[in-house]
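Each chain is listed here by its residues.
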Amino acid sequence: MNKNILLALGGNLPSRIGDPKETLAAALARLNEAGIALLAVSRFYETPCFPAGAGPDYVNAAAKVASDLAPRDLLHRLHEIEAEFGRKRDTRWGMRTLDIDLIAMGDLVLPDDATQRSWQRLPLEEQVRATPEQLILPHPRLQDRAFVIGPLMDVAPLWKHPLTGQTVTEIHAQLPKQDLAALKSL
């Protein structure tokens, strides 16, 4: 069983369960029922919508989980859970009831170092339009996102990025101060 799987959760629209905070809480419980064992859960954070003014603020969290599922099977299970909570995949980076991102599975790099690095270097305007056709692990932009790294500090501060060798704590220290200041613990 892989016990070092990192997930990022977020949402900014109500679901059939309730507001985003209630949705995240219910989704975490659902993960635990779906063959994914919760090991640690971060605090919930309110984070600004990106781009600014594009919609309601998000509620974000992170979880450290364990599972016997293979990476693609785990991602499929996460997508099924998102759909149960009303997630629609019609707009990249659009507003949503629930988003569960598979951030990392220990030190696994998929599909390979070169593909991983090319997605890390993709300009922002391309990130909005381009969607990978394959699973990329660790998540290629985790180091750029305070709304991921902040919650990860609660559950896996010593996890080390397999390509950069940096821990979550070291990545956190390099984020822009205004991005970190925008995270509000709920």
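### What to know about the overall build of the protein chain
Line of reasoning, step 1. Per the secondary structure count, the protein chain includes 7 helices and 6 strands.
Line of reasoning, step 2. In sequence order, the secondary structure elements of the protein chain are arranged as β-α-β-β-β-α-β-α-α-α-α-α-β.
Line of reasoning, step 3. For 186 residues, the compact-globule formula gives about 16 Å, and the C-alpha radius of gyration of the protein chain, at 15 Å, lands near that figure.
Line of reasoning, step 4. Across its three principal directions, the C-alpha atoms of the protein chain cover 40 × 35 × 30 Å.
Line of reasoning, step 5. Relative to its 186 residues, the protein chain shows a buried fraction of 46%.
Line of reasoning, step 6. Contacts in the protein chain between residues at least 24 apart in sequence constitute 69% of all its contacts with a sequence separation of at least 6.
Line of reasoning, step 7. Total accessible area on the protein chain stands at roughly 9000 Å², and carbon and sulfur atoms take up 53% of it.
Line of reasoning, step 8. Side chains of the protein chain carry 21 positive and 23 negative charges; the gap between the two charge centres is 2 Å.

### Some details on the packing of aromatic side chains
Ring pairs (aromatic) are described by centroid distance and by the angle formed between their planes.
Line of reasoning, step 1. Tallying each qualifying case throughout the model produces 0 aromatic pairs.
Line of reasoning, step 2. Directly above the aromatic system of phenylalanine 85 lies the positively charged group of arginine 16, at a separation of 5.2 Å from the ring centroid.

### Observations regarding the nonpolar core
Soluble globular proteins tend to bury their nonpolar side chains together.
Line of reasoning, step 1. Of all hydrophobic cores here, the largest spans 25 residues; its most connected members are Leu7, Leu9, Leu31, Leu78, Ile100 and Leu102.
Line of reasoning, step 2. At the level of secondary structure, the elements contributing two or more residues to this core comprise β1 (2-11), α1 (20-33), β4 (58-67), α2 (71-84) and β5 (99-105).
Line of reasoning, step 3. Discounting chain neighbours no more than four positions away, the residues touching leucine 78 are Leu7, Leu31, Ile36, Ile100 and Leu102.

### What to know about the environment of leucine 142
Line of reasoning, step 1. Structurally, leucine 142 can be placed in the loop between α4 (124-129) and α5 (146-155).
Line of reasoning, step 2. It is 9.5 Å that separates the C-alpha atoms of leucine 142 and alanine 8, two residues lying 134 residues apart in sequence.
Line of reasoning, step 3. Setting aside residues up to four positions removed in sequence, leucine 142 forms contacts with Ile103, Val148, Ile149, Trp159, His161 and Ile171.

### Side note on the pairing of β5
Within a regular beta strand, the side chains point alternately toward one face of the sheet and then the other, so they alternate between its two faces.
Line of reasoning, step 1. In terms of residue burial, β5 counts as a mostly covered element, since 6 of its 7 residues are buried.
Line of reasoning, step 2. Note that β1 and β5 share 6 bridges and pair antiparallel. Across the sheet, residue alanine 8 finds its bridge partner in β5, namely aspartate 101.

### Section: the side chain of threonine 23
Line of reasoning, step 1. By the element assignment, threonine 23 lies in helix α1.
Line of reasoning, step 2. Residue classification places threonine 23 among the buried residues on the basis of a relative accessible area of 0%.
Line of reasoning, step 3. Polar contacts involving the side chain of threonine 23 include one to the side chain of serine 15, which spans 2.6 Å.
Line of reasoning, step 4. When sequence neighbours within four positions are dropped, the list of residues in contact with threonine 23 reads Ser15, Ile17, Gly18, Phe85, Thr97 and Leu98.

### Topic: α1
Residue pairs spaced three or four apart in an α-helix point in one direction, given the helix's 3.6 residues per turn.
Line of reasoning, step 1. Between its first and last C-alpha, α1 extends 20 Å over 14 residues, near the 20 Å set by a 1.5 Å rise per residue.
Line of reasoning, step 2. Capping the start of α1 is the job of one residue whose side-chain oxygen sits 3.0 Å from the backbone nitrogen of lysine 21: aspartate 19.
Line of reasoning, step 3. Backbone geometry just after α1 places glycine 35 at a positive phi near 80°.

### Here we look at the pattern of salt bridges
Line of reasoning, step 1. Taken as a whole and judged by the stated rule, the model has 5 salt bridges.
Line of reasoning, step 2. With its nearest N and O atoms 3.8 Å apart, the salt bridge here joins arginine 30 to glutamate 33. Here glutamate 33 and arginine 30 lie together in helix α1, a separation of 3 residues that amounts to about one turn.
Line of reasoning, step 3. In this structure glutamate 33 comes out as exposed when scored by relative accessible area, which is 58%.

### What about unusual backbone geometry?
Residues other than glycine predominantly adopt negative phi, and peptide bonds predominantly adopt the trans conformation.
Line of reasoning, step 1. Cis geometry is found at the peptide bond from leucine 110 to proline 111, where omega equals -10°.
Line of reasoning, step 2. Its location among the elements puts proline 111 in the loop between β5 and α3 (113-120).
Line of reasoning, step 3. The omega angle of the peptide bond from leucine 137 to proline 138 is -10°, so this bond is cis rather than trans.

About the cut-offs
Residues numbered from 1 in each chain as written. Predicted model: local features only at pLDDT ≥ 70, side-chain atom pairs only at ≥ 80, totals over all residues. Heavy atoms only, no water. Helix = DSSP H or I, 4+ residues; strand = E, 2+ residues; numbered from the N terminus. Rg over C-alpha atoms; globule rule 2.2 N^0.38 Å. Buried < 20%, exposed > 50% of the residue type's maximum accessible area, 1.4 Å probe, protein only. Contact = heavy atoms within 4.5 Å. Areas by Shrake-Rupley, 256 points an atom, 1.4 Å probe, with all protein chains shown as cover. Lys, Arg positive; Asp, Glu negative; His and termini not counted. Charge placed at Lys NZ, Arg CZ, Asp CG, Glu CD. Phe/Tyr/Trp six-rings, centres within 6.5 Å; stacked < 30°, edge-to-face > 60°. Lys NZ or Arg CZ within 6 Å of the ring centre and 35° of its normal. Core = buried A, V, L, I, M, F, W, Y, C linked by side-chain atoms within 4.5 Å. Pairing = 2+ DSSP bridges. Polar contact = N/O pair within 3.5 Å; in protein donor to acceptor, adjacent residues only side chain to side chain. Expected span 1.5 Å × (residues − 1). Salt bridge = Lys/Arg side-chain N within 4 Å of Asp/Glu carboxyl O.

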